[in-house]
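Observations on the model geometry
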Amino acid sequence: MNENGGRTPLIAGNWKMNLDHLQAVAFVQKLHWTLKDAKHEADSVEVGLFPPFTDLRTVQTLLDADKIPFELGAQDLSAHDSGAYTGEVSGAFLAKLACRYVIIGHSERRAYHDETDEVVAAKVAAAHKHGLVPVICVGETAEDLEAHGSSAVPVAQLTAALAGVAAGAEVVVAYEPVWAIGSGQAATPDQAQDVAAKLRAVVREAIGDEAAARTRVLYGGSVKSSNIAGFMREPDVDGALVGGASLVPEEFAAIIRYQNHVGV
Ligand code: 13P
């Protein structure tokens, strides 16, 4: 619990196309031991890991066997349940692997795989159908920022993604300005708060007050142990979706332990 309306913060590591299943084992063990050594309280922050598909079964087995309190998620899913969709992965399969979350609409998928708002909405529906919580990614490019400011594109993307979602459903929203991803140039906490508050208003409008109060809105884009505390102080920022810095166990552990450097 934190002061953000009682929402448990979520620190999520999106590994993107990094770490094979053997590297994943070493990483998860190292992260777990680092947090244990630091006497990190597991229930103060939820930790989510989003490995490549080929690592999921291995990581699931390790978390289960060693009772490691991390949640598992996938980086994408098919909009379809099953059938002739070569190369696609069904939400039903992810649910069987004890995935709790699935990332949908990451800017890299929007840019390199032509994922439209309609595809994103269909994938959100598929996630809910299979009992997964969608982590819906939205964010403006540098050109969008120049032309429309920071919030117009993320607000439009989230409105489209939530169009078919039932009132009260569980979603996580990740605000990831495209210009901040992998650039070393994060948004400021003020900028993130401004957009996060507007995204929470979209959630309220689409699926109700109670859902909006419960929904975690994450910030993503060049999050590091040195800047996480500033984001987490903002009332509408409830966690982070971390790329590069989630691949180094010590650094990711320091991000998860941001409460130890609040005020620094
Ligand atoms: P970086 O943390 O590497 O900027 O990536 C952010 C991201 O895209 C997470 O989904």
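Scroll up for the structure.
Residues numbered from 1 in each chain as written. Predicted model: local features only at pLDDT ≥ 70, side-chain atom pairs only at ≥ 80, totals over all residues. Heavy atoms only, no water.

Some points on the sheet that holds strand β6 (residues 172–175)
Using the following cut-off: Strand pairing is assigned whenever DSSP identifies at least 2 bridges connecting the two strands. Each helix is a run of DSSP H or I of at least 4 residues and each strand a run of E of at least 2, with the numbering of both proceeding from the N terminus. Whenever a helix is involved, its axis is fitted only over the stretch in contact; in every case the axis is a line through C-alpha atoms, and angles between N-to-C directions fall within 0 to 180 degrees. By the convention used here, residues are in contact when the closest approach between their heavy atoms is within 4.5 Å.
Read once around its circumference, the closed barrel built from eight strands follows the order β1-β2-β3-β4-β5-β6-β7-β8, with strand pairing classed as parallel. The mean angle between the axes of side-by-side strands here comes to 25°, regardless of whether they run parallel or antiparallel. Bridging between strand β7 (residues 216–220) and strand β8 (residues 239–242) involves two bridges; their strand directions are parallel. Its bridge partner being in β8, Gly220 is matched across the sheet by Leu241. Lying over the sheet, helix α5 (residues 117–129) contacts β4 (101–104) and β5 (133–138), oriented at roughly 175° with respect to β4.

Things to note about the packing of aromatic side chains
Filter applied, for reference: Classification of ring pairs uses Phe, Tyr and Trp, with its six-membered ring standing for Trp, and accepts pairs whose centres are within 6.5 Å; under 30 degrees between planes counts as stacked, over 60 as edge-to-face, and the remaining range as tilted. Under the scheme applied here, a residue whose accessible area is under 20% of the maximum for its type counts as buried, over 50% as exposed, and between as partly exposed, the area being computed with a 1.4 Å probe on protein chains only.
Following the criterion strictly, the structure yields four aromatic pairs and no others. For the ring pair Tyr219 and Phe231, a centre distance of 4.3 Å and an interplane angle of 15° mean the geometry is stacked. Taken as a pair, Tyr219 in strand β7 and Phe231 in helix α10 (residues 228–232) lie far apart in primary sequence, 12 residues in all. On the basis of relative accessible area, Tyr219 is assigned to the buried category, the value being 1%. Ring-pair connections join several aromatic residues into one group, and the members of that group are Tyr175, Tyr219 and Phe231.

What to know about empty space enclosed by the protein
Which entries qualify depends on this criterion: A 1.4 Å probe that fits into a set of points on a 1 Å grid over the protein atoms alone but cannot get out defines a cavity; an open set with protein on both sides within 12 Å along at least five of seven lines defines a pocket, and lining residues are those with an atom within 4 Å of a point. Grid points are joined across faces, edges and corners, and a volume is the space filled by probe spheres set on the points. Residue classes follow a fixed rule: Ala, Val, Leu, Ile, Met, Phe, Trp, Tyr, Cys and Pro count as nonpolar, while Asp, Glu, Lys and Arg count as charged, and any other residue, Gly among them, counts as polar.
Scanning the entire structure with this criterion turns up one cavity of 30 Å³ or more. Around the largest cavity, the lining residues are Gly105, His106, Ser107, Arg110, Cys137, Val138, Gly139, Gln157 and Glu176. Of all the secondary-structure elements, those providing two or more residues to the lining of the largest cavity are α4 (107–112) and β5. Its residues assigned to classes, the lining of the largest cavity shows two nonpolar, five polar and two charged.

What to know about the layout of surface pockets
Rolled over the atoms, a probe as big as a water molecule pinpoints where empty space is left. The calculated volume of the largest pocket comes to roughly 450 Å³. Contributing to the lining of the largest pocket are 19 residues, with Phe53, Gln75, Asp76, Arg109 and His113 lying nearest its centre. For the lining of the largest pocket, the element with the highest residue contribution is α4, accounting for three residues. Classifying every residue of the lining of the largest pocket gives eight nonpolar, six polar and five charged. Its volume calculated, the second largest pocket comes out at about 200 Å³.

Digging into the packing of helix α1 (residues 21–37) against helix α2 (residues 56–65)
Geometrically, a packed helix pair is captured by the angle between its two axes and the distance between the axes. Short version of the rule: Oblique is the label for any angle not under 35 degrees, not over 145, and not in the 65 to 115 range, which are roughly parallel, roughly antiparallel and roughly perpendicular in turn. Left-handed describes a crossing in which the near helix is turned anticlockwise from the far one by less than a right angle; the clockwise case is right-handed.
For the pair α1 and α2, the least separation of the axes is 9 Å and the interaxial angle reads 30°. In terms of orientation, α1 and α2 fall into the roughly parallel class. In the packing of α1 onto α2, the handedness of the crossing is right-handed. Seen from α1, the contacting residues are His21, Ala24, Val25, Val28 and Gln29; seen from α2, they are Thr58, Val59, Leu62 and Leu63. For the contact of α1 with α2, the residue count by class is six nonpolar, three polar and no charged.

Concerning the pairing of β5
In terms of burial, β5 is largely enclosed, as six of its six residues are buried. Two elements, β4 and β5, share four bridges in a ladder whose sense is parallel. Within β5, the position partnered with Ile103 by the bridge is Val135. Sheet topology places β5 next to β6; four bridges connect them, and they run parallel. Residue Val138 lies in a different strand from β6, and its bridge partner there is Tyr175.

Note that all results are geometric; they support no functional claim without further evidence.
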